[in-house]
Amino acid sequence: MGDGKRRVAVIGAGISGLTCARGLFQSGAAVTVFEKSRGVGGRMATRRAPEGLRFDHGAQYFTARDERFAAEVRRWVEAGAAAPWLGRLCTLTRGRVESKDRDQTRYVGVPGMNALCKDLAAGLETRFSTRVETIELEGSQKNLTSDDGADLGAYDVAMVSTPAPQAADLLTAAPTLREKIRGVPMQGCLAAMLSFGRPLGLEFDGAFVHESGLSWVARNSSKPGREGAAEAWVVHAGPEWSDEQMELTPEQLLPRLTSLFWEATGLEPVEPTYATSHRWRYAIPPEPLSDRCLFDAELGIGVCGDWCAGPRVEGAYLSGLALAERVAAL
Ligand code: FAD
């Protein structure tokens, strides 16, 4: 700690980890973010595909109820990183469409859902393709090691912002936190991304699906900043169907999700021009904790995520903010 700055490691570059990292960076800490994948976003994911196609295959949209999150959303909208999605929503039951009132403003990242995380990560030191495997205590320091055995450095404070089961695995050095986190369940979600050479003619842009293995379908190309792209659909299976089919191979999964899509929409199947699937093993925490974040001040180890504060983008953001405030107040 040569320059006197507190050294902070944040594990995970989803919205909770980046909000926490940015808050601590702004309060003067030396922050390093570690992310196992190649980019930011976590479950606010955007998949690029050939011919300029993009799919938001994780979080679909977000709402803002808390004033602090609403203020951040206004900032993103002004910066062009987010916009309201005015898609026509409905419920869909075996081809029967019932339209839904526009009861709240639904926002999306522009041009993809990961735009918000890119904004939060600007100026932060982020090390991608680095999966943290262990956090070991040495005096007041936390020593991090990657899954390939690399020494990732020593930190005064370590923040874990991964889904709960992955956080529990990382927290052997903090048994009290680990015990609390262990019991937090997370449900899976199996997703398909489909595009078609011509419009399907469906009268809606997003649908909550009933009486199906699916729970949601959305015309990704109806979201702002995705106009002009080929007709692109994201299909999500419901939690029970997903958890039951979680171990299917992609080759087995894709045709099943595609046929559920045709069944739900009531359309005659046509061949997609692009089709792929994605497995979210830890998608949604159905019973989040009510702590907002957890921090063991003696150990200097904290956790945040949607499973602490509410199972959506806003909850994850508020959890990251709360953890940054706890640490900054030390
Ligand atoms: P994550 O986004 O999961 O971030 C954790 C990060 O940690 C990931 O980037 C991961 O790669 C990384 N990581 C994990 N382990 C390690 C490790 N050992 N080392 C380094 N990095 C690691 N919310 C809404 O508000 N509206 C929606 O419509 C909506 N729909 C959803 C649909 C799906 C299919 C899914 C999956 C989620 C949806 N959500 C929705 C929930 C929303 O996406 C999450 O609440 C939010 O993105 C969680 O952010 P987070 O930072 O807590 O976690």
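Structural notes, computed from the coordinates. (Residues numbered from 1 in each chain as written. Predicted model: local features only at pLDDT ≥ 70, side-chain atom pairs only at ≥ 80, totals over all residues. Heavy atoms only, no water.)

Turning our attention to the pairing of strand β1 (residues 7-11). For β1, the tally of buried residues reaches 4 of 5 residues, placing the bulk of the element in the interior. Pairing of β1 with strand β2 (residues 30-34) involves 5 bridges; the strand directions are parallel. Looking at the pairing, valine 8 lines up with valine 31 of β2. A crossover links β1 with its parallel partner β2, the connecting element being helix α1 (residues 15-26), and its sense is right-handed. (Buried < 20%, exposed > 50% of the residue type's maximum accessible area, 1.4 Å probe, protein only. Helix = DSSP H or I, 4+ residues; strand = E, 2+ residues; numbered from the N terminus. Pairing = 2+ DSSP bridges. Right-handed = clockwise from strand over helix to strand, strands pointing away.)

Turning next to the pattern of salt bridges. Tallied over the full model, the rule gives 20 salt bridges. Note that arginine 43 is salt-bridged to aspartate 306, the shortest N-O span being 2.7 Å. Pair noted here: arginine 43 is in the loop between β2 and β3 (47-49) and aspartate 306 is in helix α8 (residues 306-309), with a separation of 263 residues, a long-range link. Among the residues examined, aspartate 306 registers a relative accessible area of 6% and is labelled buried. Residues joined in a network through salt bridges with shared partners are Arg22, Glu72, Arg75 and Asp119. (Salt bridge = Lys/Arg side-chain N within 4 Å of Asp/Glu carboxyl O.)

So, on to the sheet that holds strand β16 (residues 214-219). The strand order β7-β6-β15-β16-β17-β14-β18 describes an open sheet built from 7 strands, whose pairing is mixed. Taken across any chain shown, the strands that pair with only one partner, and hence form the sheet edges, are β7 (96-99) and β18 (274-284). On average, each strand axis in the sheet is tilted by 20° relative to the strand beside it, whichever way the strands run. With 5 bridges connecting them, strand β6 (residues 89-93) and strand β15 (residues 206-210) associate as parallel partners. Bridge pairing in β15 places leucine 92 opposite valine 209. Where helix α7 (residues 250-265) meets the sheet, its contacts fall on β6, β14 (187-196), β15, β16, β17 (231-237) and β18, and the angle it forms with β14 comes to roughly 75°. (Axes fitted to C-alpha atoms, helices over the stretch in contact; angles between N-to-C directions. Contact = heavy atoms within 4.5 Å.)

This part covers the nonpolar core. Among the nonpolar cores identified, the biggest contains 45 residues, and Ile15, Leu18, Leu24, Phe62, Trp76 and Met159 are the most heavily contacted of them. Once residues lying within four places of it in the same chain are set aside, the contact partners of isoleucine 15 are Gly41, Met44, Trp76, Cys117, Leu120, Val313, Ala316 and Tyr317. (Core = buried A, V, L, I, M, F, W, Y, C linked by side-chain atoms within 4.5 Å.)

A separate point is the sheet that holds strand β19 (residues 294-296). Reading across from one edge, β9-β2-β1-β13-β20-β19 is the order of the 6 strands in this open sheet, with mixed pairing throughout. On the outer flanks of this sheet lie β9 (125-127) and β19, each paired with one strand and no other. Mean inter-strand twist for the sheet, computed between neighbouring axes without regard to direction, equals 15°. Sheet topology places β1 next to strand β13 (residues 157-160); 4 bridges connect them, and they run parallel. The partner of alanine 9 across the bridge, within β13, is alanine 158. Packed onto the sheet, α1 meets β1, β2 and β13 and runs at close to 165° relative to β2. Seen against the sheet, helix α9 (residues 313-328) touches β13, β19 and β20 (301-303) and runs at an angle of roughly 25° to β19.

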